[in-house]
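For reference, the chains in residue letters:
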Amino acid sequence: MPISRRQAAAALSALPLAALPHTATATPSPAGASHASHPTRARTLYIAGDSTAADKYLGAAPETGWGTALPFFLGKHLTVANHAVNGRSSKSFLDEGRLTPILGALRPGDLLLVQFGHNDEKDTDPTRYTEPWSTYQDYLRRYVAGAREAGARPVLLTSVERRRFDAAGNSVPTHGDYPAAMRALAAAERVPLLDLQAATLTLWQRLGVAESKTYFNWLAPGESPNYPDGVSDNTHFRPRGAVAVARLVARALRDERLLVSREVRRLGTEIPESWLTWLDD
């Protein structure tokens, strides 16, 4: 019995990316080499998320989202389309129609990375608030279903952890039930999960109270013209923090076999802060 295009796309989205067909690229071989180069296929990683992932404007520098740094850790045939926007929750991003152009652009083999939670927690704002075990999961299912219908692979990312330490110097979680709700949804829907909340909580603990501050947008008065009075921000990153989190994302994409080893790079290499750029205001 013939299958529909939608059925074929759904079946394709369930396969590991390493099993998907690749289109060979024409790469000149070194003199005397008789073997073919590894085939690769251009595809895109789309990011739907909040300010911790979003590209930033010059007026916010040095604040930096991890999505800006992610391309430095990916192979050249992979493109990052960062649609993350400051202040959005899983609900408001979708209600504003921001998922629609992503779904229209997705192609089989692409990835849709979904990271929400920071703003879903804002229970005084009905335009953004979701309840972790009901509406939060309901909205996330719509991202998952949309990606699968397009033949792409949805990937859920728990929220990066804020910088918060207790009196004993222990890094403490701040996101309540949202990470657990996302983990449960990922298991129930068989969606790959990158547990950034756990990974960043561990990273901040390893760095400690003082060193972790250099990863966040903490600035002394006069240190930046964009923050003449200084800023003490325990949520958003400076370039150093954005690079560190992007490295965690790339490593997790490899470890979860969403990308193969040759599709990630520089996991053990320092990334110069001069590589980071900001959007024109």
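Residues numbered from 1 in each chain as written. Predicted model: local features only at pLDDT ≥ 70, side-chain atom pairs only at ≥ 80, totals over all residues. Heavy atoms only, no water.

A. View of the sheet that holds strand E3 (residues 111–115). Pairing is parallel across the open sheet formed by five strands, whose spatial order is E2-E1-E3-E4-E5. The sheet is open, and its two borders are formed by strand E2 (78–82) and strand E5 (193–194), each paired with just one other strand. Where strand E4 (residues 153–157) lies against E5, two bridges are found, and the strand directions are parallel. Residue pairing in the sheet places Leu-156 in a bridge with Leu-193 of E5. On top of the sheet, helix H5 (residues 135–149) reaches strand E1 (43–49), E3 and E4; it is set at about 155 degrees to E4, its chief contact. (Pairing = 2+ DSSP bridges. Helix = DSSP H or I, 4+ residues; strand = E, 2+ residues; numbered from the N terminus. Contact = heavy atoms within 4.5 Å. Axes fitted to C-alpha atoms, helices over the stretch in contact; angles between N-to-C directions.)

B. Quick look at unusual backbone geometry. Following Ala-61, the chain continues to Pro-62 via a peptide bond in cis, the omega torsion being 10 degrees. Located in the positive-phi region is Arg-190, a residue other than glycine, with phi close to 55 degrees. Here Arg-190 shows up in the loop between helix H6 (178–189) and E5. One non-glycine residue with positive phi stands out, namely Arg-266, at about 60 degrees. Within the secondary structure, Arg-266 sits in the segment after helix H8 (239–255).

C. Highlighting the confidence of the model for the protein chain. On average, residues of the protein chain score 89 in pLDDT, and 86% of them are at 70 or above. Per-residue pLDDT stays below 50 along residues 1–39; that stretch engages in 42 contacts with residues further than four places along the chain or on separate chains. (pLDDT = per-residue confidence, 0-100.)

D. Local environment of the pairing of E3. The element E3 is extensively covered by neighbouring structure, given that five of its five residues are classed as buried. Of the two faces of E3, the one holding Leu-111, Leu-113 and Gln-115 and the one holding Leu-112 and Val-114 are both buried throughout. Summarising the sheet, E3 and E4 pair through four bridges and their orientation is parallel. When the sheet's bridge partners are listed, Leu-112 is paired in E4 with Pro-154. For the segment spanning E3, H5 and E4, crossover handedness is right-handed. (Buried < 20%, exposed > 50% of the residue type's maximum accessible area, 1.4 Å probe, protein only. Right-handed = clockwise from strand over helix to strand, strands pointing away.)

E. Highlighting the pattern of salt bridges. Going through the model one piece at a time under the given rule, you end up with 13 salt bridges. Residue Asp-138 pairs with Arg-141 through a salt bridge whose shortest N-O separation is 3.0 Å. Highlighted residues: Asp-138 and Arg-141, both in helix H5, separated by three residues, approximately one helical turn. The class of Asp-138 is partly exposed, set by a relative accessible area of 41%. Here Arg-254 ties to Asp-255 by a salt bridge, and the two come within 3.0 Å at their closest N and O atoms. We classify Asp-255 as partly exposed; its relative accessible area is 47%. It is possible to trace a salt-bridge network through shared partners that takes in Arg-88, Glu-96 and Arg-98. (Salt bridge = Lys/Arg side-chain N within 4 Å of Asp/Glu carboxyl O.)

F. The packing of helix H7 (residues 196–213) against H8, seen in detail. H8 packs onto H7 with a crossing angle of 145 degrees between their chain directions and a minimal axis gap of 10 Å. Once H7 is placed against H8, the crossing between them reads as right-handed. In this structure, H7 contributes Leu-196, Ala-199, Thr-200, Leu-203, Trp-204 and Glu-211 to the contact, and H8 contributes Arg-240, Ala-244, Val-245, Leu-248 and Val-249. Tallied by class, the residues present in the contact of H7 with H8 amount to eight nonpolar, one polar and two charged. (Left-handed = near helix turned anticlockwise from the far one by under 90°. Nonpolar A, V, L, I, M, F, W, Y, C, P; charged D, E, K, R; others polar.)

G. Inspection of the nonpolar core at higher detail. Ranked by internal contacts, the top residues of the largest apolar core, which has 42 residues, are Trp-66, Leu-70, Leu-113, Trp-204, Val-249 and Leu-253. For this core, the secondary structure elements donating two or more residues are E1, helix H2 (66–69), E3, E4, H7 and H8. Looking at this core element by element, the count peaks at ten residues for H8. The contact partners of Trp-204, leaving out residues within four places of it in the chain, are Glu-161, Arg-162, Phe-165, Ser-171, Ser-212, Tyr-215, Phe-216, Phe-237 and Val-245. (Core = buried A, V, L, I, M, F, W, Y, C linked by side-chain atoms within 4.5 Å.)

H. Quick peek at the packing of aromatic side chains. In the structure shown here, the tally under the stated rule is nine aromatic pairs. Centre to centre, the rings of Tyr-136 and Tyr-178 are 5.0 Å apart; their planes meet at 80 degrees, and the pair counts as edge-to-face. Here Tyr-136, found in helix H5, pairs with Tyr-178, found in helix H6; they are 42 residues apart in sequence, far enough to count as distant. Judged by relative accessible area, which is 1%, Tyr-136 ranks as buried. A ring pair is formed by Trp-204 and Tyr-215, whose centres lie 6.2 Å apart and whose planes are at 65 degrees; its orientation type is edge-to-face. With Trp-204 in helix H7 and Tyr-215 in the loop between H7 and strand E6 (216–219), this residue pair connects regions lying eleven residues apart in the sequence. Both residues of the pair, Trp-204 and Tyr-215, count as buried. (Phe/Tyr/Trp six-rings, centres within 6.5 Å; stacked < 30°, edge-to-face > 60°.)

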